[in-house]
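Listed below, chain by chain, are the residues.
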Protein chains: 2
Amino acid sequence: MVRFKHLVIVRFKEGTVVEEIMKGLEKLVSEIDLVKSFSWGQDLESPEMLAQGFTHAISMTFDKKQDYTAFQTHPNHVEFSATFSAAIEKIVVLCFSSVQVKPAVA
Amino acid sequence: MVRFKHLVIVRFKEGTVVEEIMKGLEKLVSEIDLVKSFSWGQDLESPEMLAQGFTHAISMTFDKKQDYTAFQTHPNHVEFSATFSAAIEKIVVLCFSSVQVKPAVA
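Residues numbered from 1 in each chain as written. Chains lettered and ligands numbered in written order. Predicted model: local features only at pLDDT ≥ 70, side-chain atom pairs only at ≥ 80, totals over all residues. Heavy atoms only, no water.

Caption draft 1: Representation of the packing of aromatic side chains in the model. Residues and elements named next belong to chain A. As enumerated under the stated definition, the model contains 10 aromatic pairs over all chains in all. With a centroid separation of 5.4 Å and an interplanar angle of 45°, the aromatic rings of F62 and F71 are classed as tilted. This pair shows no difference in class: F62 is buried, exactly as F71 is. Each residue in the set F4, F62, Y68 and F71 is aromatic and connected to the rest through ring pairs, giving one cluster. Positioned above the aromatic ring of F54, the side-chain terminus of K90 is 4.3 Å from the ring centre. (Phe/Tyr/Trp six-rings, centres within 6.5 Å; stacked < 30°, edge-to-face > 60°. Buried < 20%, exposed > 50% of the residue type's maximum accessible area, 1.4 Å probe, protein only. Lys NZ or Arg CZ within 6 Å of the ring centre and 35° of its normal.)

If you want it as structure tokens, here you go:
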């Protein structure tokens, strides 16, 4: 099954209250049905050399690219983006059709 | 539900036959039960500025950190790592306990 994934790797600015950012993100995706799955985590285990200063990963799944585009332009997302962007020190964003080789687990 | 995620963002060296690498990876995870889910994709949609030269994402899920550690030291993984490492131009690896806010979809 191929789905559209939106993957964000980020390092937040020093002093950012990451819990608040994530709470805002959780609220956002719970309000918008287009987001089919959402998970995030804070890197704690990767060797420093490999994490390269990135501290958090955020992953969202959509049924199709059009749903992602609609999410991007959703007023709630646009509003949240301002808060999120202000907290970023560095970021990588990848968007791709995901090839699911082993099924996802709940 | 919290699970342990292993996330890799990579840019392969020019001339790499990515299909072969991914086929090898698919074979690897299909042989090792510790890997509970596995998906990958090639970035096609992200603005160049945000993708920062990274082209592929690989995501694996484990029930717990110990399973990930066991996977890392599995002889098949060690063997595959040599091929994989030789093809890498740049990489970021994050390992984290994943907070699943919306459930994963099959």
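Caption draft 2: Layout of the pairing of strand β2 (residues 37–42) of chain A. By the criterion of burial, β2(A) is predominantly enclosed, with 5 of the 6 residues buried. In terms of strand pairing, β2(A) meets strand β3 (residues 56–62) of chain A through 6 bridges, oriented antiparallel. Note that in β3(A) the partner of A:W40 across the bridge is A:I58. Here β2(A) pairs with strand β4 (residues 88–102) of chain B via 3 bridges, running antiparallel. Each bridged residue has a counterpart across the sheet, and for A:W40 the counterpart in β4(B) is B:V99. (Helix = DSSP H or I, 4+ residues; strand = E, 2+ residues; numbered from the N terminus. Pairing = 2+ DSSP bridges.)

Caption draft 3: Local environment of the UniProt feature "domain: Stress-response A/B barrel" (unreviewed entry) in chain A. Within this structure's numbering, the places UniProt gives as "domain: Stress-response A/B barrel" (unreviewed entry) are residues 4–96 of chain A. End C-alpha to end C-alpha, residues 4–96 of chain A measures 6 Å, and it is 42% helix and 33% strand. (UniProt positions renumbered as here; feature names shortened; annotations may be inferred.)

Caption draft 4: Up close: the packing of helix α1 (residues 18–31) of chain B against helix α4 (residues 75–86) of chain B. All names here are of chain B. At their nearest, the axes of α1 and α4 sit 11 Å apart, and the two run at 170° to each other. One element, α1, and the other, α4, form an angle in the roughly antiparallel class. Only N76, H77, F80, T83 and F84 of α4 make contact with α1, whose side of the interface consists of I21, G24, L25, L28 and E31. When its residues are assigned to classes, the contact of α1 with α4 shows 5 nonpolar, 4 polar and 1 charged. (Axes fitted to C-alpha atoms, helices over the stretch in contact; angles between N-to-C directions. Parallel < 35°, antiparallel > 145°, perpendicular 65-115°, else oblique. Contact = heavy atoms within 4.5 Å. Nonpolar A, V, L, I, M, F, W, Y, C, P; charged D, E, K, R; others polar.)

Caption draft 5: A look at the interface of chain B and chain A. Across the contact, 47 residues belong to chain B and 47 residues belong to chain A. Together, the buried faces of chain B and chain A total about 3800 Å²; carbon and sulfur atoms form 62% of this surface. Our count for the chain B to chain A interface comes out at 0 salt bridges. Viewed at the interface, chain A and chain B are joined by 14 residue pairs in polar contact (both at pLDDT 80 or more). Listing elements by their share of the side of chain B that touches chain A, those giving two or more residues are β1 (2–12), α1, β2 (37–42), α2 (48–51), β3 (56–62) and β4 of chain B. The leading source of residues in the side of chain B that touches chain A is β4(B), at 12 residues. Here the residues of the side of chain B that touches chain A are counted per class, giving 26 nonpolar, 12 polar and 9 charged. (Buried area = accessible area lost by both parts, 1.4 Å probe. Salt bridge = Lys/Arg side-chain N within 4 Å of Asp/Glu carboxyl O. Polar contact = N/O pair within 3.5 Å; in protein donor to acceptor, adjacent residues only side chain to side chain.)

Caption draft 6: Here's a closer look at the sheet that holds β3(B). In spatial order, the strands read β1(A)-β3(A)-β2(A)-β4(B)-β1(B)-β3(B)-β2(B)-β4(A); together these 8 strands close into a barrel with antiparallel pairing. Averaged over all pairs of adjacent strands, the angle between their axes in this sheet comes to 30°, without regard to strand direction. Strand contacts of α1(B): β4 (88–102) of chain A together with β1, β2 and β3 of chain B, with the helix running at about 0° to β3(B), the strand carrying the most contacts. Contacts between helix α3 (residues 65–73) of chain B and the sheet are confined to β1, β3 and β4 of chain B, with β3(B) contributing the most and set at about 120° to the helix.

Caption draft 7: Summary view of the side chain of A:K5. Here A:K5 is to be found in strand β1 (residues 2–12). Buried and unpaired, A:K5 has no salt bridge, with A:D63 as the nearest side chain of opposite charge at 12 Å. In this structure, A:K5 is in contact with A:S59, A:M60, A:T61, A:L94, A:C95, A:F96, A:S98 and B:S39, ignoring residues within four places of it in sequence. (Lys, Arg positive; Asp, Glu negative; His and termini not counted.)

Caption draft 8: Inspection of empty space enclosed by the protein at higher detail. According to the stated counting rule, one finds 2 cavities of 30 Å³ or more in the structure shown. The volume enclosed by the second largest cavity comes to roughly 120 Å³. Around the second largest cavity sit 17 residues that line it, and A:K5, A:L7, A:S59, B:L7 and B:S59 are the ones nearest its centre. Among the secondary structure elements, those contributing two or more residues to the lining of the second largest cavity are β1, β2, β3 and β4 of chain A together with β1, β2, β3 and β4 of chain B. Top element by residues in the lining of the second largest cavity is β2(B). It accounts for 3 residues. Of the residues belonging to the lining of the second largest cavity, the class tally is 8 nonpolar, 7 polar and 2 charged. (1 Å grid on protein atoms, 1.4 Å probe; cavity = no way out; pocket = protein on both sides within 12 Å on 5 of 7 lines; lining within 4 Å. Points joined across faces, edges and corners; volume = space filled by probe spheres on them.)

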